[in-house]
Amino acid sequence: MPGLHGVFLFDDYGSLPALGETGPINHWATFWRYITSGHADPTGRSLALLSFLLDAHDWPASPLPFKRTNLLLHLLNGALLALLLRQLGRHLSGHPQENARPHNDTRIEMAALLGAAFWLLHPLFVSTTLYIVQREAILPTTFTLIGLLWWLHGRRTIRQGYIAQGLIWIIAGLGACTLLALLSKANGILLPAQAMVVEYVLLRNAGTATTAGVALPTSNVYRRDQVAYRSIMLLFGWLPAAVVAAYLLYEGWSGFTHGISSIRPWTLGQRLLTEPRVLMDYLTLLWLPRPFTPGLFNDQIQASTSLWAPITTLPALCAIAVLIVTSWRLRRRWPAWAAAILFYFVGQSLESSTVALELYFEHRNYLPAILMFWPLALWLCDVSPLAPQTVEGTRPRLVTQSFAKPALAALILLGLGVMTHARAELWGDSRDQALLWARLNPDSPRAQAYAADVELAGGRPSLAIAALQPLLAKHPDQLQLALSLFDAECQLGQIDTNALQVTRLALSTARDPGTLLANWFDRAMDQVAARPCPQLTYDTLGNLLDAALINPYFAATPGRKQDIYFLKGRLALIQGDAQTALNDFNQALDVQVRASAALEQAAMLGAAGYPALGLAHLDHYDAERDREAQPDFGMPRLHAWVLQRQQYWPREMAHLRVTLQRDATRQAISHP
C-alpha cells in the first residue's frame, strides 16, 4: 500500500504515452491504433497494452490506478500459485484426483499456502509489482499459472478415461494460455517447456498411485489413454519447447557470426560468460532476501571478458552446471527441489542466454521463481513425497509435532513481510528511493544521473555536482552523467569550461542513449529564453549538436541521426533561420523516411509562421515516400496495416496541407 503513491519511472515513459499518442482512446479507431502500437517484441505485448486501458484512456495520467492494478494482479497470482502448489502436492503424495484425500491432505494444503505466501511476500518482487511497465512481467505469470492448472486438469481427466474433455483442457492450457502469455511478453512462450519440467520431474515420479498400500502399475492408470496424452504433449509441449530452443541457438549463431547491436558495450560471448554470475546473484537475492537492492539500476554490471575476468566467472558457471545436473540426477529422491531449480533455469532461458538484452534486471525472477520456495514449505509442513495411504479401516499413526517448524515458518513470513513493507515505503518516496539507489550503485551512471535529477528538482545542485564529477572522470562517455552535470552547474548560475568540454566529449563518444538526446535538447531549447545561466545559449546548443553529429554510434543508428538533424532544424527555426531549418528537416527525413516525422516538422514550420516552407517539406516527403522502410515483421507491420486501413496518414497529411495552404494564402494577402 505505501508504494501505490509512487511515481512513473524510466520505461514507463516508453510505453504509457501511447495511451494519448493519437488522441484519447474513446472510439474503435484510436483503440486499434493503440493496441497495435507496441514494438518491444514481435507481438508488441498487445495484451499488456490492453490491460493499461483498465487504468487510463489518455496521457498524461495518474500512476496510482496503474500501480493498484499491478498489486491486484500480484495478489491474484499468489492465489493461483497456491492452487497450483496444492495440486502438485497431491501428485507428490500419489493422489492427484480431487475426490481422493491423502492422509496428509491438510499438510499439503498448508504447504501450498505457505509456498505461495513466501513468493507473494518476497521483497524482491516489490520492484516488479510497483514498476508499472512490469505489468508485462506480471501478466505472463498469470497466464502461465492458469495454463499449468488447466493442463494438470486435462491430464487428470484423460487418466480418468475422458479423452476428448482432457484434450480440450490441455489445448486451452498449453495452447491458448501460451498465446495469451506470449501476447503479454515474449517469455510467455516458455509455458510448454515449463510444463515439461513439471511432467518429467514431478509427475512421472509421482505416477504410481496406491490403494490400501498396494501399488497400481502405471499402465492401469493410463490404459489406452496414454497414446492420446503423449500425442497431444508432443504437439503442445515438446514442439513449442523445441522451437524456443532452435530460436535461442539461431540467436547465438547470428550473434557470433554477425555481431550484435552497437548499443551494447559487450559481445555475445561476453554476455554468455556474464549471465552465470548474474543468475547466481539472482539466487542469492531469492534465498537471502534483503529489504533494499540496487532496484532498476544495473548498468554497472561488469561484463566477463574471460573465464577468469572477473574471477567469479568460472565458479559461477560451474555452480550453475552443478545445480542443473544435480537437480536432474536427484529428481526421484528430491522431486520438489529438482522441479524448483530446473523450472527456474528454464524460466530464465530466454532472457539470460543468447538474446542480446541488457545483462541484469530483477523482474526477470518473477515468473521463474514461482516454485522456488515450495520445497521449503513442504519441509516445514512435514510433507513427504509418495506417502502411502493408510490401509482402509485403520487409523493413521500419530506423530508428535514439534513447534519448531511452525515457529520458523511464522518467523520467515514475518521477516519477509517486514522487508517488503520497508521496500514498498521506499517505492512510495521518489527522493529517498533515488538517493538510496545512488548509494547502493556508486558506479551506475543511471543511478547517479537519476539521483542528480532529484537533487536538482529539490534545488540542491551542489550535491548533484559532488556525486557526478567523480563518476564522470571514470566514465567520460556516459552522456546522461554529462548532461546532468551541465544542468546542475547551470542551476548554480555558471557552467565552467570543463563541464562544457565533458559534455562535448560525451556527445561525440557515447553509445545510443535512446530518447534521452532529443528530450534533453528539447528542454534546453525551451530554457534558453529564461537564461538560467550565461552559457546556456543557442550557440552553445548548436556546438553540442555538432559534437553529436560526429559520433560514430549515432551515425550508425538512423533514429539518432534523424533526431540530431531534427534538433538542428528546430534550433535554426527558433533563431529565425527558416531556410536552414527546412534544409535540416529535409536531411532528417532523408535519413529515415517516415510520415510522422514529415508531419511534425511541417507543422512546426507552419506554427513558426512559415506555412509555405511547411508545404515545401511535405512536397519533399511526397518525393521520397517510395523509400519509406517496410515495418518490421510482427506487430509493427500489423500497426502499419491498421493505419493504412484507416487512411490515417493520408487524412492527417491532407488536413495539414489545407491548414498550411490557408495560412500561406492569408500571409500572401497580408504581405503582398
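The numbers attached to residues start from 1 for each chain and follow its sequence in the written order. It should be noted that, the model being predicted, local features are given only for residues of pLDDT at least 70 and side-chain atom pairs only at 80 or more, the latter also being counted only at that level, while totals for whole chains, interfaces and linings use all residues. Side-chain figures throughout are based on the complete set of non-hydrogen atoms in the structure, without hydrogens or water.

## A word on the state of the cysteines
Any two cysteine sulfur atoms lying within 2.5 Å of each other are counted as a disulfide. Counted according to the given criterion, the structure contains one disulfide. Across the disulfide, Cys490 is cross-linked to Cys533 (sulfur-sulfur distance 2.1 Å). Measuring the twist about the S-S bond at about -95°, one finds the Cys490-Cys533 disulfide to be left-handed. Note that Cys490 is positioned in helix H20 (residues 479-492) and Cys533 in the loop between helix H22 (516-527) and helix H23 (538-549), a separation of 43 residues in sequence. We call a residue buried when its accessible area falls under 20% of the maximum for its residue type, exposed when it is over 50%, and partly exposed in between, using a 1.4 Å probe and counting protein chains only. Here Cys490 falls in the buried class, since its relative accessible area comes to 5%. The secondary structure listing takes helices from DSSP runs of H or I that are at least 4 residues long and strands from runs of E that are at least 2 residues long, numbered from the N terminus.

## Re helix H2 (residues 28-35)
By the burial criterion, the buried members of H2 are Thr30, Phe31, Arg33, Tyr34 and Ile35. Residues count as neighbours in contact if any of their non-hydrogen atoms are within 4.5 Å of one another. In the core, the buried residues of H2 are packed alongside helix H3 (46-52), helix H29 (635-645) and helix H30 (648-670).

## What about the nonpolar core?
Side chains that are nonpolar tend, in soluble globular proteins, to be buried together. Put simply, a nonpolar core is a bunch of buried Ala, Val, Leu, Ile, Met, Phe, Trp, Tyr and Cys residues held in one set by side-chain atoms that sit within 4.5 Å of each other. Among the nonpolar cores identified, the biggest contains 82 residues, and Leu88, Trp151, Leu286 and Tyr344 are the most heavily contacted of them. For this core, the element with the highest residue contribution is helix H7 (residues 135-159), accounting for 10 residues. Dropping the residues within four chain positions of it, Tyr344 is found in contact with Leu279, Tyr282, Leu283, Leu286, Asn365, Pro368, Ala369 and Met372. Membership of the second largest hydrophobic core comes to 51 residues, among which are Leu479, Met525, Leu544 and Phe585.

## Brief notes about the pattern of salt bridges
Oppositely charged side chains can pair when the atoms bearing their charge come close. Salt bridge, as used here, is a side-chain nitrogen of Lys or Arg placed within 4 Å of a carboxyl oxygen of Asp or Glu. Scanning the entire structure with this criterion turns up 25 salt bridges. For Arg627, the salt bridge is made with Glu624, and the minimal N-O distance between the two is 2.7 Å. Relative accessible area serves as the criterion here: at 44%, Arg627 is assigned to the partly exposed category. In the salt-bridge network here, residues are joined through shared partners; they are Asp619, Asp622, Arg625 and Arg657.

## Quick word on the environment of Thr326
Within the fold, Thr326 resides in helix H13 (residues 313-329). Expressed as a C-alpha distance, the spacing of Thr326 and Leu342, which sit 16 residues apart in the sequence, is 10.0 Å. N or O atoms closer than or at 3.5 Å make up a polar contact, with two conditions inside protein: a donor-capable atom paired with an acceptor-capable one, and, for residues adjacent in sequence, both atoms drawn from side chains. One polar contact links the side chain of Thr326 to the main-chain carbonyl oxygen of Val322, over a distance of 2.7 Å.

## Structural notes on the packing of aromatic side chains
Stacked, edge-to-face and tilted labels apply to pairs of Phe, Tyr and Trp rings (six-membered ring for Trp) whose centres lie within 6.5 Å, assigned for plane angles under 30 degrees, over 60, and everything in between, in that order. Evaluated as defined, the whole model comprises 29 aromatic pairs. Ring geometry for Phe297 versus Trp437: centroids 5.1 Å apart, planes at 80°, classification edge-to-face. Of this pair, Phe297 sits in the loop between helix H12 (268-287) and H13 while Trp437 sits in helix H17 (residues 430-440), and the two are 140 residues apart along the sequence. This pair shows no difference in class: Phe297 is buried, exactly as Trp437 is.

## With respect to the side chain of Glu489
Along the polypeptide, Glu489 turns up in helix H20. At 11 Å, Arg504 is the nearest oppositely charged side chain to Glu489, a buried residue that forms no salt bridge. Not counting chain neighbours up to four residues away, the residues in contact with Glu489 comprise Ile465, Gln469, Gln494, Ile495, Asp496 and Ala499. Just so you know, the count uses Lys and Arg for positive and Asp and Glu for negative, and it drops His and the chain ends.

## Some details on a nonpolar patch on the surface
Nonpolar side chains collect at one region of the surface, where Trp287, Leu288, Leu330, Trp334 and Trp337 lie side by side and expose about 510 Å² of accessible area between them. Within the secondary structure layout, Trp334 lies in the loop between H13 and helix H14 (335-348). We classify Trp334 as partly exposed; its relative accessible area is 44%. Surface patches are drawn from residues lacking salt bridges whose relative accessible area is over 30%; two like charges belong together within 9 Å, two nonpolar side chains (Val, Leu, Ile, Met, Phe, Trp, Tyr) within 5 Å. In this description, accessible areas are obtained by the Shrake-Rupley approach with a 1.4 Å probe, and a residue is regarded as covered only by the protein chains that are shown.

## Regarding H17
Of all the residues in H17, the buried ones are Gln433, Ala434, Leu435, Leu436, Trp437 and Ala438. Buried residues along H17 sit against helix H16 (404-427) and helix H18 (445-457). N-capping of H17 is provided by Asp429, with a side-chain oxygen placed 3.3 Å from the backbone N of Arg431.

## Quick notes on the side chain of Asp487
Positionally, Asp487 belongs in helix H20. Excluding its chain neighbours within four sequence positions, the residues that come into contact with Asp487 are Leu456, Trp520 and Arg523.

## Regarding the packing of helix H4 (residues 63-92) against helix H9 (residues 191-203)
H9 packs onto H4 with a crossing angle of 35° between their chain directions and a minimal axis gap of 10 Å. In contact with Leu88, His91 and Leu92 of H4, H9 contributes Val198, Leu202 and Leu203. Classification used: nonpolar for Ala, Val, Leu, Ile, Met, Phe, Trp, Tyr, Cys and Pro, charged for Asp, Glu, Lys and Arg, polar for all others including Gly. Per-class residue counts for the contact of H4 with H9 are five nonpolar, one polar and no charged. Comment: axis = line fitted to C-alpha atoms, over the contacting stretch for helices; angle = value between 0 and 180 degrees taken between N-to-C directions.

## Remarks on the environment of Thr665
Here Thr665 is to be found in helix H30. Considered as a pair, Thr665 and Leu638 are 27 residues apart in the sequence and their alpha carbons are 39 Å apart. At a separation of 2.8 Å, a polar atom in the side chain of Thr665 contacts the main-chain carbonyl oxygen of Gln661.

## Let's talk about the environment of Tyr162
For Tyr162, the position within the fold is in the loop between H7 and helix H8 (163-182). As for Tyr162 and Asp225, which are separated by 63 residues in sequence, their C-alpha atoms are 8.6 Å apart.

## Here we look at the packing of H7 against H8
Direction vectors running N to C along H7 and H8 enclose 165°, while the axes themselves pass 7 Å from each other. For the element pair H7 / H8, the angle class is roughly antiparallel. Between H7 and H8 lies a crossing of left-handed hand. Here Pro140, Phe143, Thr144, Ile146, Gly147, Trp150, Trp151, His153, Gly154, Arg155, Thr157 and Ile158 of H7 come into contact with H8, specifically with Ile163, Gln165, Gly166, Leu167, Trp169, Ile170, Ala172, Gly173, Leu174, Cys177, Leu180 and Ala181. Here the residues of the contact of H7 with H8 sort into 15 nonpolar, eight polar and one charged. Oblique is the label for every angle not falling under 35 degrees (roughly parallel), over 145 degrees (roughly antiparallel), or within 65 to 115 degrees (roughly perpendicular). In a left-handed crossing the near helix is turned counterclockwise from the far helix by less than a right angle, and in a right-handed crossing that turn is clockwise.

## Let's talk about the confidence of the model for the protein
For every residue, the predictor states its confidence as a pLDDT score lying anywhere from 0 to 100. In the predicted model, the protein carries a mean pLDDT of 89, and the fraction of residues at 70 or more is 93%. The model gives residues 387-400 a pLDDT under 50, and that stretch makes 13 contacts with residues more than four places away or in other chains.

## Details of unusual backbone geometry
Backbone torsion omega between Trp59 and Pro60 reads 5°, so that peptide bond is classified as cis. The omega torsion across Ala309 and Pro310 is -5°, close enough to zero to call that bond cis. Topologically, Pro310 is positioned in the loop between H12 and H13. Positive phi outside glycine occurs at Asp382, with the angle close to 60°. For Asp382, the position within the fold is in the loop between helix H15 (374-380) and H16. The exposure class of Asp382 is partly exposed, given its relative accessible area of 28%. Phi at Arg531 takes a positive value of approximately 50°, unusual for a residue other than glycine. With respect to the helices and strands, the residue Arg531 is situated in the loop between H22 and H23.

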